[in-house]
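Per-entry structural report
If you want the building blocks of each chain, they are given just below.
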Amino acid sequence: GSISITIGGALRYSLPDETTFTGSNYIDTGVQLLALDTDWTIFIDYQLADTTQANKQIFTCVGETNGSTMSIAMYMYSQRCMLYGTVISKAIEINGTTGDTSRRKIAIIKSGSNLIINHDTTNSWDIVNGYTQSFTHDPVTNSLVLGVDNTDPGALKDYFIGTIYQCKIYNKALSDSEITTLLG
């Protein structure tokens, strides 16, 4: 069963149902996450179907085809990775263990000029819970999509294979207690 949490009217998007991604489907949330320089939070609860998913996109919100504008993405390479800023600038290895198909929960919070990553504490991660990094905004009007790389909307690629149990996007930086409740 799922638990519904309402947080001060700040919810912009909620995945209607648990969704299996087969390597050919995706969901456009319609949320232009990077259009304005505002605070936001992404919460995602997901699980990989297998471990052979190099470059498979869990979610993306990217700019121009060459990736030179602002983007944020969570994807598999040899580890789970979080990309933010421009494609050529910053990437974080979220989990250094290859071959891991455990169910994971993660919250990415943009608060002012900081990007903060919080994750469930039931699993080990290479990054420190509450990891913070500087985040410089550059407007992008593409919406955030689940399960595919939409760098070039005419040529979607790197489809995710697995399950997203929940995805919520909030139009504010959630507090520590709100994040703790979500990560439960």
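The rules behind these values
- Residue numbers run consecutively from 1 along every chain, following the written order of its sequence.
- Side-chain atom pairs in this predicted model are given and counted only at pLDDT of 80 or more, local residue features only at pLDDT of at least 70, and totals for whole chains, interfaces and linings cover all residues.
- Hydrogens and water molecules were not included; the side-chain quantities draw on all heavy atoms of the structure.
- A run of H or I in DSSP becomes a helix once it reaches four residues, and a run of E becomes a strand once it reaches two; helices and strands are each numbered from the N terminus.
- Each residue's exposure class comes from its accessible area (1.4 Å probe, protein chains only) as a fraction of the maximum for that residue type: buried when under 20%, exposed when over 50%, partly exposed otherwise.
- A 3.5 Å cut-off defines polar contacts: any pair of N or O atoms within that distance qualifies, except that in protein one atom must be a possible hydrogen donor and the other a possible acceptor, and neighbouring residues in sequence count only when both atoms are side-chain atoms.
- Here a salt bridge means any side-chain nitrogen of Lys or Arg lying within 4 Å of a carboxyl oxygen belonging to Asp or Glu.
- Residue-level confidence of the predictor is what pLDDT reports, using numbers from 0 through 100.
- Contact criterion: two residues are considered in contact whenever any of their non-hydrogen atoms come within 4.5 Å of each other.
- Each aromatic pair joins two rings of Phe, Tyr and Trp (for Trp, the six-membered one) with centres within 6.5 Å, and gets the label stacked for planes under 30 degrees apart, edge-to-face for over 60, and tilted for any other angle.
- A ring is scored as having a charge over it whenever the NZ atom of a lysine or the CZ atom of an arginine sits within 6 Å of its centre and within 35 degrees of its normal.
- Note on pairing: two strands pair once DSSP finds at least 2 bridges between them.

Now for the environment of aspartate 37. By the element assignment, aspartate 37 lies in the loop between β3 (27–28) and β4 (40–48). Aspartate 37 gets classed as exposed once you look at its relative accessible area, which sits at 52%. Along the sequence, aspartate 37 and proline 139 sit 102 residues apart, while their C-alpha atoms lie 7.4 Å from each other. A distance of 2.7 Å separates the side chain of aspartate 37 from the side chain of lysine 110, its partner in a polar contact.

Right, let's get into the pattern of salt bridges. Tallying each qualifying case throughout the model produces 3 salt bridges. The shortest N-O distance in the salt bridge between lysine 110 and aspartate 37 comes to 2.7 Å. In this pair, lysine 110 is assigned in strand β9 (residues 104–111) and aspartate 37 in the loop between β3 and β4, connecting sequence segments 73 residues apart. Classification of lysine 110 by relative accessible area gives buried; the value is 1%. Residues arginine 103 and aspartate 45 are paired through a salt bridge, measuring 2.8 Å at the closest nitrogen-oxygen approach.

One non-glycine residue with positive phi stands out, namely aspartate 158, at about 55°. Considering the arrangement of structural elements, one finds aspartate 158 in the loop between β12 (145–146) and β13 (161–170). Given the relative accessible area of 23%, aspartate 158 is considered partly exposed.

The subject of this paragraph is the confidence of the model for the protein chain. For the protein chain, the average pLDDT comes to 77, and 64% of its residues sit at 70 or higher. Note on residues 1–5: pLDDT under 50 across the span, and 4 contacts to partners over four residues away in sequence or across chains.

With that out of the way, let us pick up the packing of aromatic side chains. Under the definition given, this model contains 2 aromatic pairs. Judged by centre distance (5.9 Å) and plane angle (55°), the rings of phenylalanine 21 and phenylalanine 160 are tilted. Of this pair, phenylalanine 21 sits in strand β2 (residues 19–22) while phenylalanine 160 sits in the loop between β12 and β13, and the two are 139 residues apart along the sequence. You'll find phenylalanine 21 and phenylalanine 160 in the same group, each marked buried. With centroids separated by 6.5 Å and ring planes inclined at 55°, the aromatic side chains of tyrosine 26 and tyrosine 159 adopt a geometry described as tilted. Within this pair, whereas tyrosine 26 is found in the loop between β2 and β3, its partner tyrosine 159 is found in the loop between β12 and β13, the two being separated by 133 residues in sequence. According to the relative accessible area criterion, tyrosine 26 is partly exposed, its value standing at 39%. For the cation-ring pair, arginine 103 lies above tyrosine 165, with the distance from its terminal atom to the ring centre recorded as 3.6 Å.

Attention now goes to the environment of leucine 15. Mapped onto the fold, leucine 15 is located in the loop between β1 (11–14) and β2. Looking at leucine 15, the relative accessible area reads 8%, which means it is buried. With 14 residues separating them in the primary sequence, leucine 15 and threonine 29 have C-alpha atoms 8.1 Å apart. Apart from residues lying up to four places away in sequence, leucine 15 is in contact with Ile27, Leu146, Ile164, Tyr165, Gln166 and Cys167.

A separate point is the pairing of β9. Moving residue by residue along a regular strand, the side chains alternate between the two faces of the sheet. Counting buried residues in β9 gives 6 out of 8 residues, a clear majority hidden from the surface. Taken together, the 7 bridges between β4 and β9 define a ladder with antiparallel strand orientation. Across the sheet, the residue bridging to tryptophan 40 is lysine 110, located in β9. Pairing between β9 and strand β10 (residues 114–119): 6 bridges, direction antiparallel. From the neighbouring strand, isoleucine 109 faces β10, where its bridge partner is isoleucine 116. Between β9 and the antiparallel strand that follows it, β10, lie 2 residues; glycine 112 among them carries a positive phi value of about 65°.

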